[in-house]
Structures are given as C-alpha cells and as structure tokens.
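For reference, the chains in residue letters:
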Amino acid sequence: MNEYALLHTMDSEYAYASSEHDLSIRLRCAKGDLEKAYICYESKYRIAGKHIKKPMKKVLEGRLFDYYAIDLHVEDVRFAYVFYLYDGKTYKYYSEDGLTDSYDFSQGYYNFFQYPYINSTDVVRDVPWMHSARFYQIFVDRFNIGNKGKDMSYVNLKWGERPTPKSFAGGDLNGIREKLDYIKGLGINAIYLTPIFSSISNHKYDISDYYTVDSQFGTNEDLKELVRDCHEKGIRILLDAVFNHCSEYMPQFVDVCKKGRKSRYYNWFVIDGDKPDKKKHNYEVFAFCDYMPKLNTSNPDVVKYFTDVAVHYINEYDIDGWRLDVSDEVSHTFWRDFRKAVKSARPDAVIIGENWHNASNYLRGDQYDSIMNYSFTKCCLDFFAHRSIDAEMMAMRLNDILARNNNVVNDLMLNLLDSHDTSRFFTEVSEDRDAFINALCLLYLFPGAPCILYGTELMTPGGYDPDCRRCMDWDKAGKAKKDEVFKLIGKLAGLRGKHVLSAKDVNVCSENCLLIVKYKKARTEIVLIINNTGKKRKCAYGEVKASGRSLTVNGKELV
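Residues numbered from 1 in each chain as written. Predicted model: local features only at pLDDT ≥ 70, side-chain atom pairs only at ≥ 80, totals over all residues. Heavy atoms only, no water.

A separate point is the overall build of the chain. Regarding its fold elements, the chain presents 13 helices and 29 strands. Taken over the C-alpha trace, the chain has a radius of gyration of 25 Å; the compact-globule value for 559 residues is 24 Å, and the two agree within 12%. Split into buried and exposed, the 559 residues of the chain put 59% on the buried side. Contacts in the chain between residues far apart in sequence, at least 24 positions, make up 68% of those at least 6 positions apart. (Helix = DSSP H or I, 4+ residues; strand = E, 2+ residues; numbered from the N terminus. Rg over C-alpha atoms; globule rule 2.2 N^0.38 Å. Buried < 20%, exposed > 50% of the residue type's maximum accessible area, 1.4 Å probe, protein only. Contact = heavy atoms within 4.5 Å.)

Pasting the structure below:
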C-alpha cells in the first residue's frame with residue numbers, strides 16, 4: 001500500500017458540509033493501489049465505544065491518483081472518522097498517524113480525522129439555478145447596434161471588418177435587448193456581459209465611474225430595461241466586476257495624482273513615493289498597463305467602496321451575479337467581505353472568479369461560488385485542437401480537474417471553450433467542423449454550466465485578441481437556424497434544461513481510444529462518446545464513426 005500517495009485533509013475539498021446534516025468525505029490514493037476503501041465513523045463523543053463502517057466508492061481516476069468518496073447524512077454533527085483500506089493483500093487503518101495495522105478507537109480522540117461541528121455559516125452553499133444555466137458571453141461593442149440615433153462619431157470600425165485594439169463598432173445594451181429572442185432561441189438562459197461602465201476603451205476594463213453605464217452603451221435606465229426584459233424571458237444576467245484595477249481617470253486616482261500623500265485616496269493604490277509618476281513606473285498596475293492603476297484591495301475603504309458597488313447593482317438593477325475580473329490578484333479579505341455583502345443582498349446571486357488555475361483556496365464557501373474553468377478549456381485545446389493527448393489522458397485530466405474542488409463547486413463551474421481573452425475555438429481546431437461539434441458536446445455534458453461566446457453558433461473564426469472580438473455576423477445569423485451547429489446547441493441546451501448533470505453522478509473514462517462521459521441517476525442514463533481518432537471505433541456502447549460522436553439518453557440517440 002503506497003502511503004506516500006494517500007491524502008485526506010480535514011475541512012477542505014476532501015471533507016466538507018453541503019448542508020447542516022450532510023457531509024462529503026473524499027480520500028486520495030495511488031492509481032490502482034486500492035481494491036476497497038471503507039470509512040469508520042461516529043460522533044466524536046461516541047466513537048471510542050462503537051463505530052459504523054461503510055464502503056466508499058471510487059469516483060474519479062486521474063493521471064496519478066484514484067479518489068474514493070462517500071456522502072453521509074449525520075444527525076450528530078460532531079463527526080469523527082478513520083479509513084479502513086485494502087490493497088488486495090492487507091487491510092490497514094488510515095488516520096492522522098498515517099497507516100497502521102490496527103487502530104485503538106478508545107484512544108481515537110488523539111488521532112482520528114474529524115469534522116468537529118457543522119456550523120451553518122461554514123456550509124458550502126449551492127446556487128440551484130446554475131445547475132440548468134446555459135451561458136452566452138457578449139462583448140457589448142461588437143454584438144449589435146440598437147440605438148441607431150445615438151452619437152456615432154466615436155465609431156471607427158465598419159461592422160464586420162477586422163478589429164484592432166482601438167476599434168469601436170457601436171454595439172450597445174439596446175442592441176442586446178433587440179436580440180433576446182434570438183439568444184433564447186439557442187436555448188440560452190443566462191448572459192454574461194463584459195464591462196459596461198464608463199470607460200474610454202472599447203472593452204471597458206479601465207473604468208472611471210462604476211455607478212454610470214458608459215454612454216456608448218446607453219444609459220442606466222437602458223440597463224434596467226435590459227435586465228427586466230431578460231428576466232421576463234427567463235434569462236439571468238451577470239455583470240463584469242473590475243475591482244482589481246481602474247482607469248487613470250477614476251476621480252480617486254486623479255485626486256492622488258494631484259495631491260499625492262495628502263489625498264484621502266492615497267492608500268487606495270499601491271504607490272512607491274509621494275505620488276504616481278508614469279515615467280518612474282512607481283505604482284502598481286494591471287499587467288504592464290500604466291493607464292490601469294491597481295487598487296489596494298487590502299484597504300478597508302476600497303473593500304467597502306466596491307462591495308457597495310456590487311450590492312447597488314443587485315438591489316437597484318436586479319442583476320443575478322458577478323463575474324470577477326483578475327480575481328486572483330485581489331486580496332482574500334476583499335472577497336470574503338464581498339461575498340458576505342452580496343449574499344446578504346441576494347443569496348442566489350452567483351459569484352464567478354476569473355482564475356485560470358487551481359483556485360481551490362478561493363472555493364471553500366467563503367469567497368467565490370466558482371471560476372471560469374480555463375483548465376477545462378486547456379484540456380479541450382490539447383485533445384481537439386493540438387491532438388497532443390489521447391482519450392485516456394483526456395479522461396484522466398478531466399477527472400483531476402474534478403478532484404480539485406468539492407462537488408458543490410464542480411456543479412457551479414463556468415465551463416468554456418473560448419472567451420474574449422482567447423483565440424476562437426473554431427480557429428484553434430483549424431475550422432474542423434467535427435472537432436468543433438465534438439467539443440461542443442463535451443462542453444454541454446461536463447459538470448458545470450456551459451458558456452459559449454457570442455457567434456459560436458455561427459462558427460465564428462478569430463485569432464487572439466483583438467481578432468477574437470469580431471462583430472457579430474447578423475447576415476449569417478439570419479440563415480443559421482438550419483445549420484447543424486446552430487441546431488446542435490439548441491438540442492444540447494434542451495438536454496441541460498431537462499436533466500441535472502451533477503458531478504457526483506458523472507463517470508469520465510475511455511475505452512478503445514474513445515472518450516466516454518456517463519451519467520447514471522435513478523432511471524436515467526446519459527452517455528456521450530467522442531471519437532477523436534479519425535478511424536471508426538467500437539466500445540461497449542456501440543460503434544462510433546470516424547471523428548464522430550454518440551449522445552444517447554436512456555439509449556435513445558440525441559445527436
């Protein structure tokens with residue numbers, strides 16, 4: 001038995017409460033090492049005299065490790081436990097002391113694992129509406145011009161031409177309102193907008209006034225009407241929270257540039273010297289952009305200001321949550337206070353961080369609900385575009401991603417193939433329709449909420465920013481409803497609307513070079529098989545044509 005590979009961490013993604021009386025316990029071991037795993041548990045005040053033993057289930061098979069898990073409903077929330085493991089040769093106990101041949105439960109209070117008490121504020125809370133969410137991301141300037149009578153003097157890009165970093169095309173909030181029926185026709189029920197507040201750029205990630213909608217996009221009243229119309233059509237709406245940095249024209253930064261240390265806002269920023277100096281580069285910025293000063297998110301005044309902004313748009317505009325820009329560069333203190341404020345205003349408001357890497361330390365119920373799942377994106381690039389991994393490795397990597405977080409979080413992840421920050425996925429797969437369709441099937445069948453970038457349904461091409469931010473092709477959209485990809489997205493969205501595809505019910509594996517994603521719950525079985533080999537392949541579920549796919553619900557073919 002490989003003790004070096006065994007891992008269990010208390011009060012983490014390996015042991016967490018999903019309600020006041022429900023615990024989920026997970027154990028990691030070396031791949032293929034264990035044949036059986038049991039949990040032995042009781043109240044920590046009774047385990048010395050007796051305990052309950054139950055088998056655990058191997059739920060994930062990663063590249064180096066297997067993961068066993070069990071969900072338990074407990075009446076006594078003062079929980080103590082050890083593991084009883086079998087590798088095909090010997091049985092051993094696993095506790096805080098590591099592996100032992102025997103275990104003295106009468107002395108267990110020294111070395112058992114424990115969840116000492118389930119406090120209600122420590123429960124990892126779900127956002128139920130996210131289980132059936134199908135997102136559509138919109139880069140506002142490039143989607144649609146609704147207000148044809150507005151001042152268009154700022155527009156320097158003819159609609160449909162290739163954009164540059166300084167291009168303005170004229171899209172606005174009323175343009176989105178005009179196309180809500182089109183969006184809903186794709187089976188979309190949630191929209192994520194890139195920033196909409198006052199800014200001199202086309203992307204609006206350098207915000208000068210967080211309380212005012214940028215005039216290029218419309219008015220604050222236009223935002224209210226957009227949210228209202230979305231809700232009437234059953235569509236949720238998320239805004240982009242740019243709280244890591246701001247515009248150099250934000251009044252607070254302007255005041256610091258003028259007054260230096262005498263400004264009441266001096267400590268809102270991170271400055272080395274008496275005042276910001278572009279030539280000296282003596283203040284922290286986003287990336288290397290001197291026009292985007294970084295905010296000091298360890299400052300309580302900054303925390304208060306931006307949590308007030310977040311709550312304002314929930315209370316006054318009825319938005320459904322926030323996507324958090326550059327969230328991993330913001331302090332944990334900021335996000336903990338932010339979460340308390342947002343969830344107090346609206347418990348079902350979703351909070352989604354932009355962390356491109358493992359973010360488990362942000363995802364324990366006290367900061368974000370989930371993140372944009374760029375690790376999933378990278379797997380899809382390697383499998384469908386670069387062809388650098390096979391189905392077996394793809395399955396293992398997807399399982400390793402699921403192992404990073406608890407299942408409440410896994411079900412809330414925002415899964416994506418591309419975004420306004422990446423090359424278009426259709427271009428990444430060299431405009432291979434089969435690879436593109438296969439990736440879309442996986443996107444919609446993987447645990448979490450699928451998110452497509454505007455124009456995905458049209459197989460919009462595009463390289464890296466700004467080429468990925470092309471204008472929506474409405475001429476093509478008018479003819480797209482008969483296209484295979486357009487219809488596929490609608491079918492996949494319908495499947496996600498009808499069935500809850502939870503991480504606790506999924507099995508991701510491979511067979512004969514085929515990638516298989518299976519869900520089994522009660523009397524429902526959903527099976528996706530993807531053939532990425534270019535050759536016809538067979539598995540236990542049947543034959544799949546070269547570069548094809550099979551998606552069945554209770555044996556009935558869906559696509």
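A word on helix α5 (residues 300-317). When the terminal C-alpha atoms of α5 are compared, their 25 Å separation across 18 residues agrees well with the 26 Å that a helix rising 1.5 Å per residue should span. Within the span of α5, buried status applies to Val302, Val303, Tyr305, Phe306, Thr307, Val309, Ala310, Val311, Tyr313, Ile314 and Tyr317. The positive-phi residue at the C-terminal boundary of α5 is Asp318, with phi of around 65 degrees. (Expected span 1.5 Å × (residues − 1).)

This part covers the pattern of salt bridges. Tallied over the entire structure, the rule returns 41 salt bridges. In this structure, Asp308 and Lys304 form a salt bridge, with 2.6 Å as the shortest nitrogen-oxygen distance. Separated by four residues within a single helix, Asp308 and Lys304 lie in helix α5, roughly one turn from each other. Here Arg346 and Asp320 are joined by a salt bridge, their closest N and O atoms 2.9 Å apart. (Salt bridge = Lys/Arg side-chain N within 4 Å of Asp/Glu carboxyl O.)

Turning our attention to the side chain of Asp172. Along the chain, Asp172 falls in the loop between β11 (135-138) and α1 (173-178). Judged by its relative accessible area of 1%, Asp172 falls in the buried class. A distance of 2.8 Å separates a polar atom in the side chain of Asp172 from the backbone nitrogen of Gly146. Among the polar contacts made by the side chain of Asp172, one reaches the main-chain amide nitrogen of Asn147 at a distance of 3.1 Å. Asp172 has contacts with Val140, Asn144, Ile145, Gly146, Asn147, Lys150, Gln216 and Phe217, leaving out every residue within four places of it along the chain. (Polar contact = N/O pair within 3.5 Å; in protein donor to acceptor, adjacent residues only side chain to side chain.)

Direction vectors running N to C along α5 and helix α6 (residues 332-345) enclose 25 degrees, while the axes themselves pass 9 Å from each other. By the angle between their axes, α5 is roughly parallel relative to α6. The two elements α5 and α6 meet at a crossing, and its hand is right-handed. Residues Val302, Val303, Phe306, Thr307, Ala310, Val311, Ile314 and Asn315 of α5 form the contact with α6, whose own contacting residues are Phe334, Asp337, Phe338, Ala341, Val342 and Ala345. (Axes fitted to C-alpha atoms, helices over the stretch in contact; angles between N-to-C directions. Parallel < 35°, antiparallel > 145°, perpendicular 65-115°, else oblique. Left-handed = near helix turned anticlockwise from the far one by under 90°.)

What follows covers the side chain of Ser423. Mapped onto the elements, Ser423 comes out in the loop between β21 (414-416) and α10 (425-428). A polar contact of 3.2 Å, which involves the side chain of Ser423, links it to the backbone nitrogen of Tyr464. Beyond its immediate sequence surroundings of up to four residues, Ser423 is in contact with Asp418, Glu428, Gly462, Gly463, Tyr464 and Cys468.

So, on to the environment of Arg387. Here Arg387 shows up in the loop between α7 (374-385) and α8 (391-403). Arg387 gets classed as partly exposed once you look at its relative accessible area, which sits at 40%. For the pair Arg387 and Lys262, spaced 125 residues apart in sequence, the C-alpha separation works out to 58 Å. For Arg387, the contacting residues outside a window of four places in its chain are Leu381, Asp382, Asp432, Ala435 and Asn532. Polar contacts involving the side chain of Arg387 include one to the main-chain carbonyl oxygen of Phe384, which spans 3.0 Å. Engagement of the side chain of Arg387 in a polar contact is seen with the backbone oxygen of Asn532, the distance being 3.0 Å.

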